[in-house]
Amino acid sequence: MPHSNGRGAAGPPHGAGAPPRVNDFTVTAATVNGSGSQSANLVLTRALFAMGIPVAPKNVFPSNIEGLPTWFSVRLSPEGYQARRARTDVLVALNPQTWLQDLARVAPGGMVVHEEQLARGGAVSRDDCTCYPVPFQRLAKEHAAEPELRKYLTNMIYVGVLAELLGIEDEALGIALDAQFRRKPRARTSNLAAIELGRAHVRQALPTQDRFRVERLDRTRDEILVEGNQASALGCLMGGCSVLAWYPITPSSSLCEHLIALADRYRTDPATGERRIATVQAEDELAAIGVVLGAGWAGARAMTSTSGPGISLMAEFIGFGYFAEVPAVVFDVQRVGPSTGLPTRTMQGDLAFAYTLSHGDTRHPVLLPGSVAECYEHAQLAFDLADRFQTPVFVLTDLDLGMNLWRTQPLRYPERPYDRGKVLTAADLERLGGHFQRYADVDGDAIPHRTLPGTDHPGAGYFTRGSGHDDQARYTESPEAYRRTMERLQRKLETIRRMMPAPVVDEQGAEVGLVAFGSSDAAVVEARDVLREQGLATDYLRLRALPVHDDVAGFVARHPRVYVVEQNRDGQCFTILRGELPAELGPRLRSIRYFDGEPLPAEAVVEPLREQEMSRRRADARGRSLAAATGPAA
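Residues numbered from 1 in each chain as written. Predicted model: local features only at pLDDT ≥ 70, side-chain atom pairs only at ≥ 80, totals over all residues. Heavy atoms only, no water.

Draft legend 1. Structural detail: the sheet that holds strand β6 (residues 106–115). In space, the 6 strands of this open sheet follow the order β3-β4-β2-β5-β6-β7, with mixed pairing throughout. Taken across any chain shown, the strands that pair with only one partner, and hence form the sheet edges, are β3 (55–60) and β7 (130–134). Between one strand axis and the next, the sheet turns by 15° as a mean value, whatever way the strands run. Strand direction decides the pairing type here: β6 and β7, joined by 5 bridges, are parallel. Within β7, the position partnered with V112 by the bridge is C131. Contacting β2 (25–32), β3 and β4 (69–76), helix α1 (residues 37–50) runs over the sheet at an angle of about 0° to β4. Along the sheet face, helix α3 (residues 136–143) touches β6 and β7 and points at about 30° away from the line of β6. (Pairing = 2+ DSSP bridges. Helix = DSSP H or I, 4+ residues; strand = E, 2+ residues; numbered from the N terminus. Axes fitted to C-alpha atoms, helices over the stretch in contact; angles between N-to-C directions. Contact = heavy atoms within 4.5 Å.)

Draft legend 2. A nonpolar patch on the surface, seen in detail. A contiguous nonpolar surface patch, about 240 Å² in accessible area, is contributed by L286, L313 and F317. With respect to the helices and strands, the residue L286 is situated in helix α9 (residues 285–297). (Patch = residues over 30% accessible without salt bridge, like charges linked within 9 Å, V, L, I, M, F, W, Y side chains within 5 Å. Areas by Shrake-Rupley, 256 points an atom, 1.4 Å probe, with all protein chains shown as cover. Salt bridge = Lys/Arg side-chain N within 4 Å of Asp/Glu carboxyl O.)

Draft legend 3. Spatial organisation of the packing of α1 against helix α5 (residues 170–180). Following both chains from N to C, one finds α1 and α5 inclined at 130°, their axes separated by 8 Å at the closest point. On the basis of the axis angle, α1 is oblique to α5. At the point where α1 passes α5, the crossing takes the right-handed sense. Contacts between α1 and α5 involve S39, L42, V43, R46, A47 and A50 on the former and, on the latter, A172, L173, I175, A176, L177, A179 and Q180. By residue class, the composition of the contact of α1 with α5 is 10 nonpolar, 2 polar and 1 charged. (Parallel < 35°, antiparallel > 145°, perpendicular 65-115°, else oblique. Left-handed = near helix turned anticlockwise from the far one by under 90°. Nonpolar A, V, L, I, M, F, W, Y, C, P; charged D, E, K, R; others polar.)

Draft legend 4. Representation of the sheet that holds strand β10 (residues 243–246) in the model. Judged by pairing direction, the sheet is mixed, and its 7 strands sit side by side in the order β11-β10-β12-β13-β15-β14-β20 without closing on themselves. The sheet is open, and its two edges are formed by β11 (278–281) and β20 (545–546), each paired on a single side. Here β10 pairs with β11 via 4 bridges, running parallel. Along β11, the bridge assignment pairs A245 with V280. Most of the contacts of helix α8 (residues 253–266) go to β10, to which it runs at about 145°, and overall it touches β10, β11, β12 (302–306) and β13 (328–334). In this fold α9 packs onto β10, β12 and β13, with an angle of close to 160° to the strand it touches most, β12.

Draft legend 5. Region of interest: the confidence of the model for the protein chain. Put simply, the protein chain has an average pLDDT of 93, and 96% of its residues get 70 or more. Note on residues 1–12: pLDDT is under 50 here. Beyond four places in sequence and across chains, it has 24 contacts. (pLDDT = per-residue confidence, 0-100.)

Draft legend 6. Local environment of the side chain of S232. Tracing the chain through its elements places S232 in helix α7 (residues 228–238). Taking the relative accessible area as the measure of exposure, S232 reaches 1% and is therefore buried. In contact with S232, other than residues within four places in its own chain, are L255, F331, C375, Y376 and A379. (Buried < 20%, exposed > 50% of the residue type's maximum accessible area, 1.4 Å probe, protein only.)

Draft legend 7. Structural context of helix α18 (residues 550–557). Of the positions making up α18, those classed as buried are V552, F555 and V556. Each buried residue of α18 lies within a common arc of 95° when the element is viewed along its axis, so the set occupies one face. On its buried face, α18 sits against β17 (504–506), β18 (512–517), β19 (538–543), β21 (561–566), α19 (572–580) and β22 (589–593). (Arc of directions from axis to C-beta.)

Draft legend 8. Expanded view of the side chain of H364. Within the secondary structure layout, H364 lies in the loop between α12 (351–355) and β14 (366–367). The class of H364 is buried, set by a relative accessible area of 0%. Polar contacts involving the side chain of H364 include one to the main-chain carbonyl oxygen of L357, which spans 2.9 Å. When neighbours within four sequence positions are excluded, H364 is seen to be in contact with I318, Y322, A354, Y355, T356, L357, P392, F394 and L546. (Polar contact = N/O pair within 3.5 Å; in protein donor to acceptor, adjacent residues only side chain to side chain.)

Draft legend 9. The arrangement of α8 in detail. Its 14 residues give α8 an end-to-end C-alpha distance of 20 Å, which sits within 8% of 20 Å, the value for a rise of 1.5 Å per residue. Taken together, the buried positions of α8 are S253, S254, L255, C256, L259, L262 and A263. Elements in contact with the buried residues of α8: α7, β10, β12 and β13. (Expected span 1.5 Å × (residues − 1).)

The following block contains the structure:
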């Protein structure tokens, strides 16, 4: 079959003579939700990873019903970049609804593998791309009698087509199939047959291409692919979580589902079958956080996982936890708001809200993991911090970090014992003369002591209340007592500030600094390399927690201009920094914001930063010209 250029004519592939792209391009599959495309996408991703090629998969899926458009892209990068690229190089187009839209997003010189029916009537209009029509529907129909199976195998056929066109090894595909269907050997067999069908069709009917190809590397040795939610769940298990209360909400549900699955495997007594963790699917998020606070008061390590709408419902209970000083851990896997917003898109829009959640004056410890390894580590740390500080602790990730696969080194088994904080035992109370003041600051760090229900001592009891109270936990509406309590809670925040994870700093003496947090790190790392190639060096500080660490002020003071990169419209991190840093440092800060709901690409950092720097240079040049024209001041 001759190569089609998309307009019915035969000819050489477009881009012939252009330099080949080896292990450095992005593949996007445009399919429909509910068609089994995710299995095919993951097999493709894991096969490339098994060849030692660093990959960065991103899934964009609809929030509604089966049959709506869905996109999956996997970026190959010898440098190991993990950020999304704004355009695609190799497109697999199976969805007629989005055909022209998908085609328009292919970079010039790209390759398009498409269902042949999409090109009928001259509908392909990209003369600068190489197009490969494939009769996916006909091939699936000829080789699968059942309509439902036919739908699923269509996607796996595209894996075979790409494998043959790009040079993906059979051995790597076998490893990927084993991982995807390890508990379904019959499904593995049928999917392998579909891959072979795709390979055979390319060999029989399509011309070869060498513009895009893969070759074995050795860049993923000892690495694993893990979702952030999966890593967080494992961290909760390792961190001693014994109570989970939750209500399903995208994109946080899989964190709880992973934790339940892990607990069934590792927190069940093999002899009796008794589970050593309590999991409650509550009637809503308000009930879930109530269960968590009750369990935390009783001494359990308790957590919930939710997203922005759930955080909204939890506001009053979180204020109770702050004022009554009850440990709790809340994972917020952020999505796009406000309201329902875009529930299956990513954002960093809950930062300011979570930090100050509840009415009145509140500040909460907030952990900001920037990798799946930190999702795992910060999950464990969150329980220690909640117990140590006797307060709700937030762990903020987002859909991109939480629901996509990321490369990481194997997660390390924890070595430190749990930090339960200032918990008094019966022996402690006896040593203290039988009495303690629940909310008194006796150590100067503003953190009081507590007892747990059931402590066998007559002096262990106290009232827990969300209304005004004095040091002995007695009800009072005294203005003086309220002011003392609030001032102590403010001092406690300063203790927290010193004990939260320090920022990660890469500083080489550049004039320009960058600040980012969370999943934005992947784009900033790549953007710095691009800017360096363009002659603009940058230093970088990655925030890992709120309240703002003291090291941040020093970093800003050493840089005349600091760009704060974040994924929300209002520059929430930028505003928090301006509020918490010394006033004289505020004018040094500048804001770079990205908020369309897709993962942040490096281009969205490079272009606005370069434009602001060029504008500054133009303004400086005009100033110098004006000074030269007017001469020295009298």
